[in-house]
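# A closer look at the structure
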Amino acid sequence: MAKLTLKDLDLQNRRVLVRVDFNVPLEAGRVTDNTRIRAALPTIQYLIDRGARVILMSHLGRPKGKVKEELRLDPVAKELEGLLGRPVHKVNDCIGPEVKAAAAALQPGEVLLLENLRFHPEEEKNDPEFARKLASLADLYVNDAFGAAHRAHASTEGVAHYLPAAAGFLLQKEIETLGKALADPERPFVAIIGGAKVSDKISVIRNLLTKVDTLIIGGGMANTFLRARGYSMGKSLVEEDQVPLARELMAQAERQGVKMLLPRDLVVAQEFKADAPHQVVAANAVPDGWMALDIGPETAREYANALNGARTVVWNGPMGVFEMEPFAHGTEAVARAVAAVDGMTIVGGGDSVAAVEKVGVAGKIGHISTGGGASLEFLEGKALPGVVALTEKQAEE
Ligand code: ADP
Ligand code: MG
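To start, this report covers the structure provided alongside it. (Residues numbered from 1 in each chain as written. Chains lettered and ligands numbered in written order. Predicted model: local features only at pLDDT ≥ 70, side-chain atom pairs only at ≥ 80, totals over all residues. Heavy atoms only, no water.)

### Digging into the overall build of the protein
- Secondary structure assignment for the protein yields 15 helices and 17 strands.
- The globule rule puts the C-alpha radius of gyration for 397 residues at 21 Å, and the 23 Å found for the protein is close to it.
- Along the longest, intermediate and shortest principal axes, the C-alpha atoms of the protein span 70 × 45 × 35 Å.
- By residue count, 57% of the 397 residues in the protein fall in the buried class.
- Restricting the contact set of the protein to residue pairs at least 6 apart, pairs at least 24 apart contribute 73%.
- For the protein, the exposed surface amounts to about 16,600 Å²; the carbon and sulfur share of it is 48%.
- In the protein, the 46 positive side-chain charges and the 52 negative ones have mean positions that sit 1 Å from each other. (Helix = DSSP H or I, 4+ residues; strand = E, 2+ residues; numbered from the N terminus. Rg over C-alpha atoms; globule rule 2.2 N^0.38 Å. Buried < 20%, exposed > 50% of the residue type's maximum accessible area, 1.4 Å probe, protein only. Contact = heavy atoms within 4.5 Å. Areas by Shrake-Rupley, 256 points an atom, 1.4 Å probe, with all protein chains shown as cover. Lys, Arg positive; Asp, Glu negative; His and termini not counted. Charge placed at Lys NZ, Arg CZ, Asp CG, Glu CD.)

Below is the structure:
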C-alpha cells in the first residue's frame with residue numbers, strides 16, 4: 001500500500017486520534033448491533049498493546065450540526081468497554097478545553113471516546129479550523145472508518161492535513177481487497193450487479209465492464225435492460241429514461257468481449273406484496289398487469305453456473321425483492337453460489353450483505369465490505385477522499 005498504515009507508526013506513548021465508524025443502531029440507550037464496533041477492535045487493541053494513548057472519534061446518526069441527547073455516544077462507550085474489557089473514558093464534546101484536558105491526561109494504553117462529531121456543523125463542512133482543533137488533541141491520526149471514507153469531512157479528510165495520517169487495519173483491508181479485485185484480479189472475474197435501479201449503479205456497471213469477464217445483471221435494474229431488448233415488462237419497475245443507456249451498456253459489453261447475462265425467466269406478481277399471486281414466466285413474456293419481482297429458477301441456475309470456476313467475484317445488489325419470501329429465492333441461490341466459489345469473493349452494499357447473512361453464508365465470503373456507499377464509489381473507480389488524504393509512505397521514509 002502506498003499510504004502509511006498502522007504498522008509504519010511508532011506508537012509508544014504517542015497520542016493517536018482514530019476516526020472509527022461507530023454509527024451503530026441504538027434502542028432505549030443501548031447498542032442493538034455492535035458489528036461496527038467489533039470491526040474496529042483489531043486497530044484499537046493494537047494501539048493499546050503498543051502503549052499508545054487512544055482517542056476515538058465517530059459520528060452517529062444525523063444530528064445535523066446540533067446536540068441531540070439521543071445521539072450521544074455514551075451507550076457506545078459502554079459497549080466498547082465490555083468488548084475491550086477495560087475502562088473507556090468519555091467526554092461530552094469533541095473539541096474545547098475539557099476535551100483537551102481529558103486527552104492530555106490519558107496514560108499509555110488508555111482509551112478516550114469523544115462525543116458525536118456531527119453535533120458540530122463544521123464536521124460535515126470539512127471546516128479547516130475545526131479539523132485543526134481535532135488534530136491538536138494528538139500526535140498521529142489513524143483513519144479506520146471505511147464506511148465514511150467517501151465523505152470529505154473534517155474527521156475523515158481535513159484532519160489528515162495537520163497530522164501524519166495512516167490507515168487502520170479495517171480501512172487497509174478494504175482498500176487492499178477491493179483495490180486488488182479492480183486492478184489485478186485473478187481471472188475469470190465475474191461481477192453480479194442487482195438492486196432496484198440502473199440509475200443508482202450506472203457508474204459501477206460502466207467501470208466494471210472495463211475489467212470483468214462476465215457481468216451478471218439481476219434485480220429491478222434487469223427490467224430496464226430487458227426493456228432495451230424490446231420486451232414488454234408489464235407493471236415492472238422500468239426506468240424508461242435509462243433504456244437508451246442500458247442499450248449502450250449492452251453494446252459496450254459486446255465491444256469489449258464481456259459476457260453480459262440477463263434473466264431468461266422471472267418471478268412475476270400481480271402486486272408488490274408478499275402474498276400477491278405470482279408465477280414464473282419467460283423474460284419476454286411478462287403478462288400485462290404483472291410485475292417482475294425476482295429472477296426465475298432457470299436464471300438462478302444459469303447464474304450459479306456462470307460463477308463456477310470464477311477466481312474473483314464481486315457482488316452488489318440483490319436479485320429480487322428478497323425482503324418478501326416468495327421473491328427471495330433468486331438472491332438466496334446467488335448467495336449460496338457466491339459462497340461456494342473457491343476464488344476471492346467480495347460482497348458490498350447494505351442489502352446484499354443482509355442477504356448473505358440471512359442465508360447464513362457470511363462466513364464463507366472472502367470479504368464483506370463494511371461500507372455500502374464507500375464500496376460502491378470504490379467500484380465506480382472514484383478516489384475516496386478519506387484515503388487520498390492519508391500520508392504517502394515515501395514522504396515519511
Ligand atoms: P445494496 O444495498 O446491496 O446496494 P440496493 O439498495 O441497490 O442494494 O437494492 C436493494 C433493493 O432493491 C431491495 O430493497 C430490493 O427489494 C430491491 N429490488 C430488487 N429487485 C427488485 C425488483 N425486481 N423490483 C423492485 N425492487 C427490487
Ligand atoms: Mg441498499
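### Quick word on helix H7 (residues 198-209)
- With twelve residues, H7 ought to run about 16 Å at 1.5 Å a step, yet its terminal C-alpha atoms sit only 14 Å apart, falling short of that.
- Restricting attention to buried positions, one finds in H7 the residues Val198, Lys201, Ile202, Val204, Ile205, Asn207, Leu208 and Leu209. (Expected span 1.5 Å × (residues − 1).)

### Section: the sheet that holds strand S8 (residues 165-167)
- The parallel open sheet is built from six strands, whose spatial order is S5-S6-S4-S1-S7-S8. Where the open sheet ends on each side, the last strands, each with one partner, are strand S5 (88-90) and S8. When the angles between neighbouring strand axes are averaged without regard to direction, this sheet yields 25°.
- Inspection of the sheet shows strand S4 (residues 53-57) paired to strand S6 (residues 111-113) by three bridges, in the parallel sense. Residue pairing for S6: valine 54 is matched across the bridge by valine 111.
- Along the sheet face, helix H2 (residues 74-84) touches S4, S5 and S6 and points at about 170° away from the line of S5. (Pairing = 2+ DSSP bridges. Axes fitted to C-alpha atoms, helices over the stretch in contact; angles between N-to-C directions.)

### Details of the site of ligand 1
- Surrounding ligand 1, one finds 17 residues, the nearest of these being Lys201, Gly220, Glu323, Asp351 and Ser352.
- In this structure, glycine 350 approaches ligand 1 through a main-chain N or O atom, which is 3.4 Å from an oxygen atom.
- Note that an oxygen atom of ligand 1 is positioned 2.8 Å from one of the side-chain N or O atoms of aspartate 351.
- Summarising the interface, the protein chains cover 83% of the accessible area of ligand 1, which totals 590 Å² for the free molecule.
- Taken together, the elements giving at least two residues each to the shell around ligand 1 come down to strand S14 (291-295) and helix H12 (350-359).
- With three residues, H12 is the single largest residue contributor to the shell around ligand 1.
- A per-class count over the shell around ligand 1 returns five nonpolar, nine polar and three charged. (Near = heavy atom within 4 Å. Polar contact = N/O pair within 3.5 Å; in protein donor to acceptor, adjacent residues only side chain to side chain. Nonpolar A, V, L, I, M, F, W, Y, C, P; charged D, E, K, R; others polar.)

### Topic: the environment of leucine 11
- Checked against the element boundaries, leucine 11 lands in the segment before strand S1 (15-19).
- Judged by its relative accessible area of 3%, leucine 11 falls in the buried class.
- With 38 residues separating them in the primary sequence, leucine 11 and aspartate 49 have C-alpha atoms 9.5 Å apart.
- Not counting residues up to four positions away in its chain, the partners in contact with leucine 11 are Leu6, Val16, Tyr46, Leu47, Arg50, Gly51, Ala52 and Leu140.

### Re the sheet that holds strand S13 (residues 278-282)
- Spatially, three strands are ordered S13-S12-S14 in an open sheet, and the strand pairing comes out antiparallel. Edge positions in the sheet fall to S13 and S14, since each has one partner strand and no second. With direction set aside, neighbouring strand axes in the sheet form an average angle of 40°.
- Pairing of strand S12 (residues 265-269) with S13, which is carried by five bridges, proceeds in the antiparallel orientation. Bridge assignment links valine 268 to a residue of S13, and that residue is glutamine 279.
- Here helix H10 (residues 297-307) sits on the sheet and contacts S12, S13 and S14; the angle it forms with S14, its principal contact strand, is near 35°.

Remember that the coordinates give geometry; whether it matters functionally is a separate question.
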